[in-house]
Amino acid sequence: FLQGRDGTGTLEQAIAIARAAGEHHTVCVTYANLAETAVERRQHDRALRYLDHGSAWADEHEVLSVLSYLTSVRSRLELDRGRWDDADALARSVLTGSAASPLNQLNALHTVTRLHVRRGEVDAETHVRRFTTEAERTGELQRIVVAAAARARAGWTYPRGIAPGAREVRAARASACCPRGPAR
């Protein structure tokens, strides 16, 4: 899709240009995009580096909405790294924070939902349903598909309790045409 390149160098150049121009929000959003992509690709060291740099910049320049988003991405990274308690604490800080947009909360809710399912907790179904409802509200296929996958994982853990809804099944079928997954 990028002819063998992953675009990282171009985005890192964009960060340097945005820094020089004083475009703090752009710097932070670019770090967030790089970090989230690295998390999805399981490039944990790279993700951690982007999260650290982006969070420091966002904190220093008070770009709190993106700092909240970076925290939600960090919660997913910690979950993937097996640091469940850290992931839970980070996600809950976003869910209870005042700077969290609905999208920031959705990322954090994704982490909390996956944790409850993995731990086999009794309220997992409640979290799956809330996550699914919030993802559907966005109307974005990339969010709905993630919720459908979480619901499917929950179905493996709770085979009699959670089943995908019709909209999720349609979203999963629609995403089947995209071998790299939904666009971000």
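Rules and cut-offs
- Residues numbered from 1 in each chain as written.
- Predicted model: local features only at pLDDT ≥ 70, side-chain atom pairs only at ≥ 80, totals over all residues.
- Heavy atoms only, no water.
- Phe/Tyr/Trp six-rings, centres within 6.5 Å; stacked < 30°, edge-to-face > 60°.
- Helix = DSSP H or I, 4+ residues; strand = E, 2+ residues; numbered from the N terminus.
- Buried < 20%, exposed > 50% of the residue type's maximum accessible area, 1.4 Å probe, protein only.
- Polar contact = N/O pair within 3.5 Å; in protein donor to acceptor, adjacent residues only side chain to side chain.
- Axes fitted to C-alpha atoms, helices over the stretch in contact; angles between N-to-C directions.
- Parallel < 35°, antiparallel > 145°, perpendicular 65-115°, else oblique.
- Left-handed = near helix turned anticlockwise from the far one by under 90°.
- Contact = heavy atoms within 4.5 Å.
- Expected span 1.5 Å × (residues − 1).
- Arc of directions from axis to C-beta.
- Salt bridge = Lys/Arg side-chain N within 4 Å of Asp/Glu carboxyl O.

Visitor: Would you mind showing me how to read the packing of aromatic side chains here?
Guide: Think of a pair of aromatic rings as described by two things: how far the centres are apart, and how the planes are tilted against each other in angle. In total, this model carries 1 aromatic pair according to the counting rule given. Centre to centre, the rings of Tyr-31 and Tyr-50 are 6.5 Å apart; their planes meet at 45°, and the pair counts as tilted. Placement of the pair is Tyr-31 in helix 2 (residues 24-40) and Tyr-50 in helix 3 (residues 44-60), with a sequence separation of 19 residues. Look at Tyr-31 and you get buried, because its relative accessible area is 7%. By relative accessible area, Tyr-50 is classed as buried at 3%.

Visitor: Got a minute to help me understand the environment of Glu-121 in this structure?
Guide: Take Glu-121: it is sitting in the loop between helix 6 (102-119) and helix 7 (124-138). There is a polar contact of 2.6 Å between the side chain of Glu-121 and the side chain of His-116.

Visitor: So what exactly am I meant to see when it comes to the packing of helix 3 against helix 4 (residues 64-80) here?
Guide: The packing of two helices is summarised by the inter-axis angle and the distance between the axes. Where helix 3 contacts helix 4, the two axes come as close as 10 Å, and the packing angle between them is 155°. Between helix 3 and helix 4, the interaxial angle falls into the category roughly antiparallel. The crossing of helix 3 and helix 4 is left-handed. Contacts between helix 3 and helix 4 pair His-44, Ala-47, Leu-48, Leu-51, Asp-52, Gly-54, Ser-55, Ala-58 and Asp-59 from the former with Leu-67, Leu-70, Val-73, Arg-74, Leu-77 and Asp-80 from the latter.

Visitor: What should I look at first to understand unusual backbone geometry in this one?
Guide: Working note: non-glycine residues mostly have negative phi, and peptide bonds are mostly trans. Its identity as a non-glycine residue notwithstanding, Arg-42 has a phi of 60°, on the positive side. Counting through the fold element by element, Arg-42 comes out in the loop between helix 2 and helix 3. Residue Arg-42 is classed as exposed on the basis of its relative accessible area of 52%. Even without a glycine there, the phi angle at Glu-62 is positive, about 55°. By the element assignment, Glu-62 lies in the loop between helix 3 and helix 4. Overall, the relative accessible area of 64% leaves Glu-62 in the exposed class.

Visitor: Mind showing me how you'd approach helix 3 here?
Guide: Count 3.6 residues to each turn of an α-helix, and residues three or four apart come out pointing the same way. Across its 17 residues, helix 3 extends 24 Å between first and last C-alpha, which sits within 8% of the 24 Å expected from 1.5 Å per residue. Considered for burial, the residues of helix 3 that qualify are Ala-47, Tyr-50, Leu-51, Gly-54, Ser-55, Trp-57 and Ala-58. With its buried residues spanning 165° around the axis, helix 3 presents them on a single face. Of the exposed residues in helix 3, the ones pointing more than 90 degrees away from its buried face are Asp-45, Asp-59 and Glu-60. On the buried face of helix 3, the contacting elements are helix 1 (8-21), helix 2 and helix 4.

Visitor: Mind showing me how you'd approach helix 2 here?
Guide: Over its 17 residues, helix 2 extends 25 Å from the first C-alpha to the last, a length consistent with the 24 Å expected when each residue adds 1.5 Å. Residues of helix 2 that are buried: Val-27, Cys-28, Thr-30, Tyr-31, Ala-32, Leu-34, Ala-35, Glu-36, Ala-38 and Val-39. Phi turns positive, to about 60°, at Arg-42, one or two residues after helix 2.

Visitor: Help me out: how do you make sense of the pattern of salt bridges in this one?
Guide: Pairing between side chains of opposite charge can happen when their charged atoms approach one another. One pass over the structure, following the stated rule, counts 13 salt bridges. When the shortest N-O distance is used, the salt bridge between Arg-114 and Asp-80 registers 3.0 Å. Of this pair, Arg-114 sits in helix 6 while Asp-80 sits in helix 4, placing them 34 residues apart in sequence. A salt bridge links Arg-119 to Asp-85, with the nearest nitrogen and oxygen atoms 3.0 Å apart. Of the two residues, Arg-119 is situated in helix 6 and Asp-85 in helix 5 (residues 84-96); the sequence distance between them amounts to 34 residues. A relative accessible area of 59% means that Asp-85 is categorised as exposed. Several salt bridges share partner residues, and in doing so they unite Glu-36, Glu-40 and Arg-76 into one network.

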